[in-house]
Amino acid sequence: MKQLRWLAALPALGMLVGPFVFNRVEPMVLGMPLLLAWLVACTVATSGIMGLIYLTDPANREPEEDA
Amino acid sequence: MNAALPIIALAVVVALGLGLWARAGHTMDMEQWSVGKRGFGTLLVFLLMAGEIYTTFTFLGGSGWAYGKGGPTYYILCYLTLIYVISYWILPPAWRFAKERGLFSQPDYFAARYDSRSLGILVALVGLVALVPYMVLQLKGLGIIVATASYGVISPTLAVWIGAGTLTVYVMVSGVRGSAWTAVLKDFMILFVVIFLGIYLPYHYYGGIGPMFEAIDTAKPGFLALPDRGQSATWFASTTLLTALGGWMFPHIFASIYTASDERTFRRNAVFLPLYQLMLLFVFFAGFAAVLQVPGLTGPDVDLSLFKIALQTFPPWFVGIVGATGVLTALVPGSMILIAGATLIAQNLYRPLAKNATDASTGRLAKGIAPLLALACVGFTLYGGETIVQLLLIGYAVVTQLFPAFFFSLWPNNPLTRAGAMAGILAGVAAVAVTVVGGYTLAKLFPGLPGPVQDLNIGVVALALNLAVAFAVSLAGGGARRTVRT
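Since the structure is predicted, the reported quantities are computational estimates derived from the model, not experimental observations.

## Comments concerning the overall build of chain B
- What chain B contains, in helices and strands, is 22 helices and 0 strands.
- A compact globule built from 486 residues would reach a C-alpha radius of gyration of about 23 Å, and chain B, at 22 Å, matches this within 12%.
- Looking at the 486 residues of chain B, the share that counts as buried comes to 63%.
- Long-range pairs, those at least 24 residues apart, make up 85% of the contacts in chain B between residues at least 6 apart in sequence.
- Where the 27 positive side-chain charges of chain B centre and where its 17 negative ones centre are 10 Å apart.

## Things to note about the nonpolar core
- Of all hydrophobic cores here, the largest spans 177 residues; its most connected members are Phe213 and Phe288 of chain B.
- Per-element accounting of this core gives the leading share, 18 residues, to helix α15 (residues 316-350) of chain B.
- Counting contributing residues per domain, this core is built from domain 1 (4-386) and domain 2 (401-486) of chain B, each supplying no fewer than three.
- Sequence-distant contacts of Phe288 of chain B, that is, excluding residues within four places in its chain, are made with Ala66, Gly70, Tyr74, Tyr206, Met212, Phe213, Ile216, Phe223 and Leu224 of chain B.
- Among the nonpolar cores identified, the runner-up in size contains 9 residues, and Ala8, Met50 and Ile53 of chain A together with Ala270 of chain B belong to it.

## Some words on the packing of helix α4 (residues 56-68) of chain B against helix α7 (residues 117-149) of chain B
Residue and element names in this part refer to chain B.
- Where α4 contacts α7, the axes come no closer than 9 Å and their chain directions differ by 65 degrees. The two elements α4 and α7 cross, and the hand of that crossing is left-handed. Mapping the contact onto sequence places Thr56, Phe57 and Leu60 in α4 and Leu137, Gln138, Gly141, Ile144 and Ile145 in α7.

## Some thoughts on the domain arrangement of chain B
Residues and elements named next belong to chain B.
- Domain assignment breaks chain B into domain 1 (4-386) and domain 2 (401-486).
- Each side of the interface is counted separately: domain 1 has 31 residues, and domain 2 has 29 residues.
- Buried area between domain 1 and domain 2, both sides added, is near 2700 Å², and the carbon and sulfur share of it is 70%.
- Of all residues in domain 1, Arg113, Tyr114 and Leu242 give up the largest surface area on contact with domain 2, accounting jointly for 25% of the area buried on that side.
- Along the contact surface separating domain 1 from domain 2 lie 9 residue pairs in polar contact (both at pLDDT 80 or more).
- Secondary-structure elements contributing two or more residues to the side of domain 1 that touches domain 2 are α5 (75-101), α6 (106-113), α7 and α10 (233-247).

## Observations concerning the interface of chain A and chain B
- At the interface, 36 residues of chain A touch 39 residues of chain B.
- In total, about 3300 Å² of surface goes out of reach between chain A and chain B, with carbon and sulfur atoms giving 71% of it.
- When residues of chain A are sorted by the area they lose upon contact with chain B, Leu16, Met50 and Tyr54 of chain A head the list and together hold 17% of the total.
- Across the chain A-chain B interface, the total number found is 0 salt bridges.

## Overview of empty space enclosed by the protein
Residue and element names in this part refer to chain B.
- Across all of its chains, the model carries 3 cavities of 30 Å³ or more by this definition.
- Considered as a void within the structure, the largest cavity measures approximately 70 Å³ in volume.
- Contributing to the lining of the largest cavity are 11 residues, with Phe104, Ala255, Ile339, Ala340 and Thr343 lying nearest its centre.
- Contributions of two or more residues to the lining of the largest cavity are made by α11 (251-257) and α15.
- No other element matches α15, which puts 5 residues into the lining of the largest cavity.
- By residue class, the composition of the lining of the largest cavity is 7 nonpolar, 4 polar and no charged.

## Remarks on the environment of Gly287 of chain B
All names here are of chain B.
- Residue placement: Gly287 occurs in helix α13 (residues 279-293).
- It is 18 Å that separates the C-alpha atoms of Gly287 and Leu80, two residues lying 207 residues apart in sequence.
- If sequence neighbours within four positions are ignored, Gly287 has contacts with Ser63, Ala66 and Tyr67.

## A look at the layout of surface pockets
- Taken as a whole, the second largest pocket encloses approximately 990 Å³ of empty space.
- As for the second largest pocket, its lining consists of 30 residues, of which Arg5 of chain A together with Ile86, Trp89, Ile90 and Phe407 of chain B are closest to the centre.
- At the level of secondary structure, the elements contributing two or more residues to the lining of the second largest pocket comprise α1 (9-21) and α2 (34-56) of chain A together with α5, α10 and α18 (403-409) of chain B.
- Broken down by element, the lining of the second largest pocket gets its largest block of residues, 9 residues, from α5 of chain B.
- For the lining of the second largest pocket, the class distribution of residues is 24 nonpolar, 1 polar and 5 charged.

## Comments concerning a nonpolar patch on the surface
Residues and elements named next belong to chain A.
- A cluster of nonpolar side chains, Leu13, Val17, Phe20 and Val21, forms an exposed patch at the surface whose accessible area comes to about 370 Å².
- Within the secondary structure layout, Phe20 lies in helix α1.
- Accessibility expressed as a relative area gives 48% for Phe20, which makes it partly exposed.

## A short note on the side chain of Thr329 of chain B
- One can find Thr329 of chain B in helix α15.
- If near-sequence neighbours (up to four positions away) are discounted, Thr329 of chain B is found in contact with Tyr54, Thr55, Thr56, Phe59, Gln138, Lys186 and Ile190 of chain B.

## What about α13 of chain B?
- The end-to-end C-alpha distance of α13 of chain B is 22 Å, a good match for the 21 Å that 15 residues give at a rise of 1.5 Å each.
- Burial within α13 of chain B is extensive, with 13 of its 15 residues counted as buried.

## Section: the packing of aromatic side chains
Residues and elements named next belong to chain B.
- Under the criterion given, the structure shown has 33 aromatic pairs over all chains.
- Site record: aromatic cluster; members linked through ring pairs are Phe97, Tyr109, Phe110, Phe254, Tyr258, Phe403, Phe406, Phe407, Phe408, Trp411 and Phe471.
- In this arrangement the basic side chain of Arg113 is found over the ring face of Phe97, its NZ or CZ atom lying 4.1 Å from the centre.
- Its end group placed over the ring of Tyr88, Arg267 keeps NZ or CZ at 6.0 Å from the ring centre.

## Here we look at the side chain of Thr243 of chain B
Residues and elements named next belong to chain B.
- Mapped onto the fold, Thr243 is located in helix α10.
- By relative accessible area, which is 9% here, Thr243 ends up buried.
- A polar contact is formed between the side chain of Thr243 and the backbone oxygen of Thr240, at a distance of 3.3 Å.
- With residues near it in sequence (within four places) discarded, Thr243 still touches Tyr75, Tyr79, Ile83 and Tyr396.

The rules we used
Residues numbered from 1 in each chain as written. Chains lettered and ligands numbered in written order. Predicted model: local features only at pLDDT ≥ 70, side-chain atom pairs only at ≥ 80, totals over all residues. Heavy atoms only, no water. Helix = DSSP H or I, 4+ residues; strand = E, 2+ residues; numbered from the N terminus. Rg over C-alpha atoms; globule rule 2.2 N^0.38 Å. Buried < 20%, exposed > 50% of the residue type's maximum accessible area, 1.4 Å probe, protein only. Contact = heavy atoms within 4.5 Å. Lys, Arg positive; Asp, Glu negative; His and termini not counted. Charge placed at Lys NZ, Arg CZ, Asp CG, Glu CD. Core = buried A, V, L, I, M, F, W, Y, C linked by side-chain atoms within 4.5 Å. Domains from an automatic or database assignment. Axes fitted to C-alpha atoms, helices over the stretch in contact; angles between N-to-C directions. Left-handed = near helix turned anticlockwise from the far one by under 90°. Buried area = accessible area lost by both parts, 1.4 Å probe. Polar contact = N/O pair within 3.5 Å; in protein donor to acceptor, adjacent residues only side chain to side chain. Salt bridge = Lys/Arg side-chain N within 4 Å of Asp/Glu carboxyl O. 1 Å grid on protein atoms, 1.4 Å probe; cavity = no way out; pocket = protein on both sides within 12 Å on 5 of 7 lines; lining within 4 Å. Points joined across faces, edges and corners; volume = space filled by probe spheres on them. Nonpolar A, V, L, I, M, F, W, Y, C, P; charged D, E, K, R; others polar. Patch = residues over 30% accessible without salt bridge, like charges linked within 9 Å, V, L, I, M, F, W, Y side chains within 5 Å. Areas by Shrake-Rupley, 256 points an atom, 1.4 Å probe, with all protein chains shown as cover. Expected span 1.5 Å × (residues − 1). Phe/Tyr/Trp six-rings, centres within 6.5 Å; stacked < 30°, edge-to-face > 60°. Lys NZ or Arg CZ within 6 Å of the ring centre and 35° of its normal.

This is the structure in structure tokens:
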């Protein structure tokens, strides 16, 4: 599932393009200004997506190299 | 004398003790001192990388920016997250190459990949230009923290001297192993302190995080989003991207790659380090809480906002704990910078010129250089004045110029030649020097451009020039492609 790695581009795009779209304070989400809440969501999504990539990356399934 | 000072002193003593303890049972040769014998597991590398990037700048500057600038601060969260996304793919091949060849420093990597000592020397010089202001920033932060948390008993100047002295002793005794173990202590403390401050302050003063943001939004409409011009969305995106690319190019951060015992460590950390960056959110909350509570700080004083509000809210012993945490956030990256800086002077500036240098003699020299480098940084800290901010801007923009040569070195067929890589770096660095020293922005250079384009970070220009020159020279050189592959 090598194609999954392209998912990593999503949160990056969210962070780089998001400020053009969600650059506003209202409505507040979870008590935070909209822009901040969006960027926090992108950060959390990054961890999730990187986790998915890690689990499906064949490089991590080969036996561990000698340290 | 108050309760804060002994707590800060205790933190320094404990850090020194950890350094001594971390050294026990290890022979301090150069490989141990600079790169921890390449034996660190996932957790130590995690803390070392988190510790290097989570500096006094993030602690004081993150809250200071939230206080002084509002919305644009969010970029810190974004670029730190992106740094780790990139790391998943770029660190493992760099680590493999470094391990096979037994590299010690960042310039070693470039010198070995492009089979060119002169490129190594150039990268070492670029790295030093970037490291010194980074170190000065840590020392300045240390001075602010100790002076404030000691309620003025210790002057900033004295604090800088004590801090630099501690750092030097610490670095000479224990090397990077000590930094890693202090990072363990530091991260526990900072997690506790930052999350506590980020939640307690909004609740104490405003009755919650939501009410706090609403109060700020009412008092200063638009402050919590990006302005339409200046630090606008264009500025935000370009700055986030540039700093994310430049992040790994700082010599001390690059060198931390070498400490890992296996490459899977990096991929694992790429999953968890983004989540760890959410800690910044609480730094922002603390800074925002200060906006309406300790108003009136301007210019460089915004960095004091976190401590001003802590002083106003908490008893001295707790201010001491915040101060101790701040001191540790300066010690970890500070010690890494000293080690990396001293290693690259000895390994990449002195060694190519000394015919019969050995690993042992270079290692001894590196340890001898550490105090001199620390002294130079104290000099810049105390007498550099405001130019330091300027220097730091140059430092960040300058290291980013190493990224293209690094990036293409990972390709199976590197399109850049040795001459191309050098020419690109020189062109990029020159462009940075001219634009930053001259205070040029895109708006000043090209007044005809549409507004949003003018807000692009000026570093984009230098990077574009770097790439153009690197490719032009590489193509002109034709068959001279000689990147070393693994």
